[in-house]
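Now for the letters of each chain:
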2 protein chains.
Amino acid sequence: MSTSSHNSNNTSPSPIINESNQRRCAACKYLRKRCSRDCVLSPYFPASLPHRFACVHKIFGASNVARTLQQLPVHQRAQAAEAMSAEAYWRVQDPVYGSVGVINLLQQHIYMNQRELARTRAHIAIHSPTRGPCSPWAGLWTSPI
Amino acid sequence: MSTSSHNSNNTSPSPIINESNQRRCAACKYLRKRCSRDCVLSPYFPASLPHRFACVHKIFGASNVARTLQQLPVHQRAQAAEAMSAEAYWRVQDPVYGSVGVINLLQQHIYMNQRELARTRAHIAIHSPTRGPCSPWAGLWTSPI
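Residues numbered from 1 in each chain as written. Chains lettered and ligands numbered in written order. Predicted model: local features only at pLDDT ≥ 70, side-chain atom pairs only at ≥ 80, totals over all residues. Heavy atoms only, no water.

Counting residues at the interface gives 50 residues for chain B, matched by 49 residues for chain A. Roughly 4,300 Å² is buried in total at the junction of chain B and chain A, and carbon and sulfur atoms are behind 66% of that figure. Taken together, the connections running from chain B to chain A amount to four salt bridges. Where A:Arg121 meets B:Glu116, a salt bridge forms, and the shortest distance between an N and an O atom there is 2.5 Å. Along the contact surface separating chain B from chain A lie 15 residue pairs in polar contact (both at pLDDT 80 or more). (Contact = heavy atoms within 4.5 Å. Buried area = accessible area lost by both parts, 1.4 Å probe. Salt bridge = Lys/Arg side-chain N within 4 Å of Asp/Glu carboxyl O. Polar contact = N/O pair within 3.5 Å; in protein donor to acceptor, adjacent residues only side chain to side chain.)

With that out of the way, let us pick up the relation of the copies chain B and chain A. Each copy superposes on the other: chain B lies on chain A with an RMSD of 0.1 Å after a rotation of 180° and an axial shift of 0.1 Å. One copy is carried onto the other by what is essentially a two-fold rotation axis. Distance from the rotation axis, computed per C-alpha, reaches its smallest value in chain B at B:Phe60: 2.3 Å. When you check the interface residues of chain B against chain A, 98% turn up at the interface there too, and the contact is symmetric in its surfaces. (Least-squares fit on C-alpha atoms with pLDDT ≥ 70 in both.)

Across soluble globular proteins, you tend to see nonpolar side chains buried next to one another. If you look at the biggest cluster of nonpolar residues, it comprises 50 residues, and the most contacted ones within it are A:Leu41, A:Phe45, A:Leu69, B:Leu41, B:Phe45 and B:Leu69. Where this core is concerned, the elements lending two or more residues are α2 (26-30), α3 (50-59), α4 (62-70) and α5 (74-93) of chain A together with α2 (26-30), α3 (50-59), α4 (62-70) and α5 (74-93) of chain B. In this view, B:Leu69 contacts B:Val40, B:Leu41, B:Tyr44, B:Phe45, B:Arg77, B:Ala80, B:Ala81 and B:Met84; residues no more than four positions away in its chain are not counted. The next biggest cluster of nonpolar side chains, apart from the first, holds seven residues, and it includes A:Val102, A:Ile103, A:Leu106 and B:Ile103. (Core = buried A, V, L, I, M, F, W, Y, C linked by side-chain atoms within 4.5 Å. Buried < 20%, exposed > 50% of the residue type's maximum accessible area, 1.4 Å probe, protein only. Helix = DSSP H or I, 4+ residues; strand = E, 2+ residues; numbered from the N terminus.)

A word on the packing of aromatic side chains. This model, assessed by the stated rule, comprises five aromatic pairs over all chains. Here the aromatic rings of A:Tyr30 and A:Phe53 are separated by 5.6 Å at their centres, their planes lie at 70°, and the arrangement is edge-to-face. With A:Tyr30 in helix α2 and A:Phe53 in helix α3, this residue pair connects regions lying 23 residues apart in the sequence. What makes A:Tyr30 partly exposed here is its relative accessible area of 43%. Ring centres of A:Phe60 and B:Phe60 lie 5.4 Å apart, and the angle between their planes is 5°; on these two criteria the pair is classed as stacked. Taken together, the positions of A:Phe60 in the loop between α3 and α4 and B:Phe60 in the loop between α3 and α4 put the pair across two chains. Taking the relative accessible area as the measure of exposure, A:Phe60 reaches 2% and is therefore buried. (Phe/Tyr/Trp six-rings, centres within 6.5 Å; stacked < 30°, edge-to-face > 60°.)

So, on to the domain arrangement of chain A. Size of an interface, as often reported, equals the accessible area lost when the parts are brought together. Per the domain assignment, the segments of chain A are domain 1 (13-93) and domain 2 (97-126). Between the C-alpha centres of domain 1 of chain A and domain 2 of chain A the distance comes to 38 Å. (Domains from an automatic or database assignment.)

Another aspect to go through is the environment of B:Glu82. Along the chain, the position of B:Glu82 falls in helix α5. Along the chain, B:Glu82 and B:Leu117 lie 35 residues apart, while their C-alpha atoms are 34 Å from each other.

As recorded in UniProt, the sites labelled "domain: LOB" (unreviewed entry) are residues 23-124 of chain A. Secondary structure within residues 23-124 of chain A divides into 70% helix and 0% strand; the distance between the first and last C-alpha atoms comes to 64 Å. (UniProt positions renumbered as here; feature names shortened; annotations may be inferred.)

What is meant by a disulfide is a covalent connection between two cysteines, made through their sulfur atoms. Applying the stated criterion to the full structure yields zero disulfides over all chains. Not part of a disulfide, A:Cys55 finds its nearest cysteine sulfur in A:Cys25, a span of 16 Å. Note on A:Cys55: relative accessible area 16%, which makes it buried. The thiol of B:Cys39 is unpaired, and the distance to the nearest cysteine sulfur, on B:Cys25, comes to 3.9 Å. (Disulfide = S-S within 2.5 Å.)

Once that is clear, we can look at the packing of α3(B) against α5(B). Residue and element names in this part refer to chain B. Where α3 contacts α5, the axes come no closer than 8 Å and their chain directions differ by 75°. Comparing the axis directions of α3 and α5 gives the class roughly perpendicular. On α5, the residues that touch Arg52, Cys55, Val56, Lys58 and Ile59 of α3 are Ala81, Glu82, Met84, Ser85, Ala88, Tyr89, Arg91 and Val92. (Axes fitted to C-alpha atoms, helices over the stretch in contact; angles between N-to-C directions. Parallel < 35°, antiparallel > 145°, perpendicular 65-115°, else oblique.)

The next point concerns unusual backbone geometry. All names here are of chain A. In the Ramachandran plot, arginine 32 falls in the positive-phi region, its phi being about 55° despite a non-glycine side chain. Looking at where arginine 32 falls in the secondary structure, it is placed in the loop between α2 and α3. Judged by relative accessible area, arginine 32 falls into the exposed class, the value being 76%.

Right, dumping it as structure tokens:
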């Protein structure tokens, strides 16, 4: 995503355009811009993944994504681009809840797991033959986890 | 978020401005626009919650939020605005992972719960005095949950 042009030794117009197109990242291709070597989106939105950028652009807008990445240290940008792509994908799939829908599902999963754990522990407490400190169940209630 | 103006019976300039300001939603106030009665953002971003809109605007952009809401049926807009506000808040708090960071935490929580459940079940399997179909533990492994 940049307005700067690429240099080429080839003087015929067509090959220059083709070479430029081949180099362009998905963002610059989508926005019909030339892609400079220092394009901030290029490393994270390659031409091979056009839908990934289309999603992110639709939800956040290209300039917001570029700004977010620019404000981060280089070593954190790939994770941020990955996370924004996931969020954008979820919101395209579910325009009402987006990633909050995924969070709600996981919270339900946790609730069901905890209920199952409580049920299992209740069975142990009821049916345990001995409940003293020497019981084989001693320590199960004080899990370090 | 609208350019249409409010009507008022008051003819002095100052009260009109004050009345308009009082009526403006957080979005129109932030964007320094007049707020019409059919403003799509007004019901979900009241003037009393200025930070909520500021977050959403920073992450998604006001026009993207307005477009998303307009494309949804009216009865789903409040949930969508709520979800977008939560996502925006998480991304402001954690510019690298945003809501994906929350999802990662919940997944760790699920993993730990499942490990604890497996540990508890393993203890039962080892220490159970009887393991036949009449055992008090029978049925624990085939939970409907």
